[in-house]
Amino acid sequence: MMTIKDVYERFEKLHSYSFATLDGDYPEIRIAHFLTYDEEGLYFMTMKVKPFYEQLKRGKKIAVCAQVTKSDGAATHDEDGLSYFPAGYNIRVSGDVRELSTQELYAKAKKDDRFIGCVKDLERYPTMTTFVLHSFKGELYDFDFEKEFRDHKIERERFSFNGMDFIEPGFVIDPAKCISCGICAEVCTFAAIIPGESYSIMGSHCDECGSCYSACPATAITAKAPLDEVERKAIGKQILAYARSQKS
Ligand code: SF4
Ligand code: SF4
């Protein structure tokens, strides 16, 4: 399980990343960064005169996402116009925030050097205030879609802090329904299927793309957002035909 330090350090590989809030019924997003962390959570600052502050005070929730790649991030395409994704990872967290009083911030800075930067910022810009993301869930999604550095495309791990519920990644095969036909393994391009008496899915490698779910003739695979059965079967036929055409 990722620790709060691991989460902070993954974000800190980038200087800035996306912070989303709700403004009424609409999402709003801007670039910001976490200044530090401790056993209470991840800390960031904004100014009390900004809409960001209003939204945090009203909604008390935030989602944060960053992506780090092994290249400069410029988009390139192959001859079919498909994007090339350099290997890297993205990390996302979402959860509940609370504002710290100035006294709380000073008390933390007295005990812990990691908060001195927040105090300095507050002295320079007195409209500044500090928030802590104190309960959250998240995911680390490490990708190498071209399999340049390993033999599988993704490794993902979900985690939470302060007891928040989360759902493990990956679709699930019902062993009671599986007829061991192997079609799911044929269509999965993520090397996530484990053959056996009944087949199973390695959640950490599963992209939840839905190929196995659509192609399974025994409806043994549960999707997190199921399709209408007629559509599922039609897509399944297409996926299997494509996978077989690639082999021949
Ligand atoms: S496609 Fe369905 S029935 Fe066939 S092995 Fe996979 S899970 Fe089992
Ligand atoms: S949902 Fe996609 S990635 Fe996951 S096991 Fe099925 S085919 Fe593979």
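It should be emphasised that the depicted structure is a prediction, and the values quoted were computed from it without experimental measurement.

Caption draft 1: A look at the overall build of the protein chain. Check the secondary structure of the protein chain and you find 7 helices and 14 strands. Summarising the internal contacts of the protein chain: among those between residues at least 6 apart in sequence, 63% fall at separations of at least 24.

Caption draft 2: Spatial organisation of the domain arrangement of the protein chain. The assigned domain composition of the protein chain is domain 1 (4–161) and domain 2 (172–247). Look at where the C-alpha atoms of domain 1 and domain 2 centre, and you get two points 34 Å apart. Residues belonging to the side of domain 1 that touches domain 2 are distributed by class as follows: 1 nonpolar, 1 polar and 5 charged.

Caption draft 3: Layout of the site of ligand 1. Not every one of the 13 residues close to ligand 1 is listed here, only the nearest: Cys178, Cys181, Cys184, Cys216 and Ala218. For the shell around ligand 1, the per-class residue count stands at 11 nonpolar, 2 polar and no charged.

Caption draft 4: Representation of the pairing of strand 8 (residues 88–99) within the structure. When strand 5 (residues 61–69) meets strand 8, the two strands line up antiparallel, connected through 9 bridges. Bridge pairing links Gln67 to Asn90 in strand 8. As paired strands, strand 8 and strand 9 (residues 128–143) are joined by 12 bridges and run antiparallel to one another. Each residue of the ladder has a partner; that of Arg98, found in strand 9, is Val132.

Caption draft 5: Region of the structure containing the site of ligand 2. By nearness alone, 15 residues border ligand 2, and Cys188, Phe190, Cys206, Cys209 and Cys212 come closest of all. Of the residues belonging to the shell around ligand 2, the class tally is 11 nonpolar, 2 polar and 2 charged.

Caption draft 6: Representation of the environment of Glu197. Residue position: Glu197 is located in the loop between strand 12 (193–194) and strand 13 (200–201). Residues Glu197 and Cys178, 19 residues apart in the sequence, show an inter-C-alpha distance of 8.7 Å.

Caption draft 7: Representation of the nonpolar core. Leu42, Tyr43 and Leu133 are the most contacted members of the largest nonpolar core, which totals 26 residues. Apart from residues lying up to four places away in sequence, Tyr43 is in contact with Phe34, Leu35, Thr36, Tyr37, Cys118, Thr130 and Val132. In terms of nonpolar packing, the next biggest core, distinct from the first, is built from 18 residues, Ile193, Tyr199, Cys206 and Ile221 among them.

Caption draft 8: Highlighting unusual backbone geometry. The phi torsion at Ala191 lies on the positive side, around 50°, for a residue other than glycine. Among the residues examined, Ala191 registers 16 C-beta atoms within 10 Å and is labelled partly exposed. Even without glycine at this site, Thr219 takes up a positive phi of about 40°. If you trace the backbone, Thr219 turns up in the loop between helix 6 (211–215) and strand 14 (221–222).

Caption draft 9: Molecular detail of the packing of helix 3 (residues 102–111) against helix 4 (residues 116–124). Contact pair helix 3 / helix 4: the axes reach a minimum separation of 8 Å and the direction vectors enclose 135°. As summarised for this structure, helix 3 and helix 4 are arranged oblique, according to the angle between their axes. Like other packed secondary-structure pairs, helix 3 and helix 4 cross with a definite hand, here left-handed. Side by side, helix 3 and helix 4 meet where Leu105, Tyr106 and Ala109 of the first sit next to Ile116, Cys118, Val119 and Leu122 of the second.

Caption draft 10: Structural view of the pairing of strand 9. Note: strand 4 (residues 41–47) against strand 9, 6 bridges, orientation antiparallel. Considered in strand 9, the bridge of Phe44 is made with Phe131.

Calculation notes
Residues numbered from 1 in each chain as written. Chains lettered and ligands numbered in written order. Predicted model: local features only at pLDDT ≥ 70, side-chain atom pairs only at ≥ 80, totals over all residues. Helix = DSSP H or I, 4+ residues; strand = E, 2+ residues; numbered from the N terminus. Contact = placed C-beta atoms within 7 Å. Domains from an automatic or database assignment. Nonpolar A, V, L, I, M, F, W, Y, C, P; charged D, E, K, R; others polar. Near = placed C-beta within 6 Å. Pairing = 2+ DSSP bridges. Core = buried A, V, L, I, M, F, W, Y, C linked by C-beta atoms within 7 Å. Buried ≥ 20, exposed ≤ 12 C-beta atoms within 10 Å, placed from the backbone. Axes fitted to C-alpha atoms, helices over the stretch in contact; angles between N-to-C directions. Parallel < 35°, antiparallel > 145°, perpendicular 65-115°, else oblique. Left-handed = near helix turned anticlockwise from the far one by under 90°.

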